[in-house]
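# Per-entry structural report
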Amino acid sequence: MANHKRHSNDGGRGSSRRGGARHNHGSDGVRSHPRKRTPVDPQAAFAALESRLRAQYGDETAAVIVEGYRAERPVTLRANTLKTTPDAVRAALEEAGIACQKVPWSPDALIIEGAREDAVRALPLYERGDVYLQSLSSMVPPLVLSPGPGDAVLDMAAAPGGKTTQMAALSGGQAQITACERSAPRAERLRFNLERQGAGRVSVLVQDARRLDPFFRFGKILLDAPCSGSGTVSAERAAGAAEGGMPADSAAGSAGSAAVVWKTGFSEELLSNCVRTQAGLLRKALELLPPGGELVYSTCSILPEENELLVQRVLEEAAQGARPQGKKGARGRSRGLDAADAPTGPIRADIVPIDPARFPCMPLLPCTLEGALCIRPSELYEGFFVCHLRRR
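Residues numbered from 1 in each chain as written. Predicted model: local features only at pLDDT ≥ 70, side-chain atom pairs only at ≥ 80, totals over all residues. Heavy atoms only, no water.

## Details of the sheet that holds strand β6 (residues 131-133)
Spatially, the four strands line up as an open sheet ordered β4-β5-β3-β6, and their pairing is antiparallel. Of all the strands in the sheet, the pair left with one neighbour each is β4 (99-103) and β6. Here the strands of the sheet are splayed against their neighbours by 35 degrees on average, with no regard to which way each runs. Relative to strand β5 (residues 106-113), strand β3 (residues 76-79) is paired through three bridges, and the arrangement is antiparallel. By the bridge assignment for β5, R78 is matched with A109. On the sheet, helix α2 (residues 86-95) packs against β3, β4, β5 and β6 and is oriented at approximately 15 degrees with respect to β5. (Pairing = 2+ DSSP bridges. Helix = DSSP H or I, 4+ residues; strand = E, 2+ residues; numbered from the N terminus. Axes fitted to C-alpha atoms, helices over the stretch in contact; angles between N-to-C directions. Contact = heavy atoms within 4.5 Å.)

Structure, rendered in structure tokens:
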């Protein structure tokens, strides 16, 4: 599933996670690309996604979402409090002639004004690991989970490490974090970022998190799941298009589509693959929680199939003791789930409501799951879904 995890820019993608499959804000956890897919024409992919957005949100809101896709977001970063302070980072940026502004809901987050990522990467504070380039939306899940000293934390899809290092910083380096990454090359990138950020109490496990031993228990789990990347689509001016910005008057993109090239790999096949993987990961996360344990489920998608509908379905199945059903392969074997895993007893969990007032000025989309957040793509934010759960 074209894993879109680009929330964290320091994973080797662009400053803002965009582009269509799971934004690698950082991690993909299960597989960077779930399965080989038939190549998708970006314009056709966008048209298919646009159609879903209109059906889900209506033409007016879909048009606002598309405007958010078109926006060129500024560079955003997080001061790494394991090594420095936000004040020291602001002072270093000012000395380098780079302006920045604070973010109202996080003392560690900064918005860079008038400079691109290359300018930040060239600074000594970047090489020292004093900052981590990360999208604003991707900073939200760790803040909601709020790991503290002594917590046993699992990051189920950890590479390249933006949220992992953020959780280490939030705990003052005192949480014991297990970071799962199925891909060995991505796990190496994860280790590099952990070392540079000074996140010492993190154990990297090169394994598909769905295969973790059921005897493990973690008091707090972050599942930033591989997804379709429907919240992180971006657009570039097409070759030969007139200067002066990309047209923004295409109520859902059609009027100005010829002038831009959409960066997305969305398809129904991708969506189906993502949903299957997400369900397996979420069910495993519930199994690894002790009673009272907390879980944050997030995606960089704004489609209900990957978000509120999936959470509701998995919670209902878990309460009945049923497991998500994998798709049968050519030889009749279940794909996407561990065949050795037998159904467990009923598992019940409740939504822990996230107060939107905690994140002032954040643009939100309607969400049918009360207490969850669905962040709308905008000039500052990527589309993101965040849900907080607690096991009974």
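The rest of the description comes next.
## Some words on α2
For α2, the full list of buried residues reads P86, V89, R90 and L93. Buried residues in α2, looked at end-on, bunch into an arc of 100 degrees, giving them a common side. The exposed set on the far side of α2, more than 90 degrees from its buried face, consists of D87 and E95. The elements touched by buried residues of α2 are β3, β4, β5, α4 (124-127) and β6. One or two positions beyond α2, positive phi appears at G97, with a value near 80 degrees. (Buried < 20%, exposed > 50% of the residue type's maximum accessible area, 1.4 Å probe, protein only. Arc of directions from axis to C-beta.)

## Here we look at the pairing of strand β13 (residues 294-299)
Burial analysis of β13 places six of its six residues in the buried class, which makes it a mostly covered element. Bridging between strand β10 (residues 220-224) and β13 involves five bridges; their strand directions are parallel. In the strand pairing of β13, L223 is matched with Y297. Of the pairings in the sheet, the one linking β13 to strand β18 (residues 384-391) comprises six bridges and is antiparallel in character.

## Overview of the environment of T299
With respect to the helices and strands, T299 occurs in strand β13. Overall, the relative accessible area of 0% leaves T299 in the buried class. Separated by 161 residues in sequence, T299 and S138 have C-alpha atoms that sit 9.0 Å apart. Ignoring sequence-local partners within four residues, the contact set of T299 consists of D224, A225, C227, Q278, E306, N307, G383, F384 and F385.

## Notes on the nonpolar core
With 49 residues, the main nonpolar core has L53, Y69, I221, L282, L295 and V311 as its most contacted residues. Core analysis: the second largest hydrophobic core is formed by 34 residues, L136, I177, M362 and Y381 among them. (Core = buried A, V, L, I, M, F, W, Y, C linked by side-chain atoms within 4.5 Å.)

## A word on the packing of aromatic side chains
On inspection of all chains with the given rule, the structure shows seven aromatic pairs. Between F46 and Y69 the ring centres are 6.5 Å apart and the planes differ by 75 degrees, which places this aromatic pair in the edge-to-face class. The exposure class assigned to Y69 is buried, which follows from its relative accessible area of 0%. Centre to centre, the rings of Y297 and F385 are 6.3 Å apart; their planes meet at 65 degrees, and the pair counts as edge-to-face. Residue Y297 is found in strand β13, and its partner F385 is found in strand β18; the two are separated by 88 residues along the sequence. Residue classification places Y297 among the buried positions, given a relative accessible area of 0%. (Phe/Tyr/Trp six-rings, centres within 6.5 Å; stacked < 30°, edge-to-face > 60°.)

## Quick notes on the packing of helix α8 (residues 268-288) against helix α9 (residues 308-319)
Running from N to C, α8 and α9 point in directions that differ by 50 degrees, and their axes come no closer than 10 Å. Here α9 runs oblique to α8, going by the angle between their axes. In the packing of α8 onto α9, the handedness of the crossing is right-handed. Along the contact surface, α8 presents V275, Q278, A279, L282, R283 and L286, while α9 presents L310, V311, R313, V314, L315, E317 and A318. Here the residues of the contact of α8 with α9 sort into nine nonpolar, one polar and three charged. (Parallel < 35°, antiparallel > 145°, perpendicular 65-115°, else oblique. Left-handed = near helix turned anticlockwise from the far one by under 90°. Nonpolar A, V, L, I, M, F, W, Y, C, P; charged D, E, K, R; others polar.)

## Some words on helix α6 (residues 162-170)
For α6, the buried fraction is high: eight of the nine residues fall into the buried class. Within α6 the residues assigned to the buried category are G162, K163, T164, T165, Q166, M167, A168 and A169. Immediately downstream of α6, the backbone of G172 shows phi near 65 degrees, a positive value.

## Focus on the confidence of the model for the protein
When pLDDT is low, close inspection of the predicted coordinates is not appropriate. Of all residues in the protein, 80% have pLDDT values of 70 or greater, and the mean over the chain is 87. Per-residue pLDDT stays below 50 along residues 244-256; that stretch engages in 30 contacts with residues further than four places along the chain or on separate chains. (pLDDT = per-residue confidence, 0-100.)

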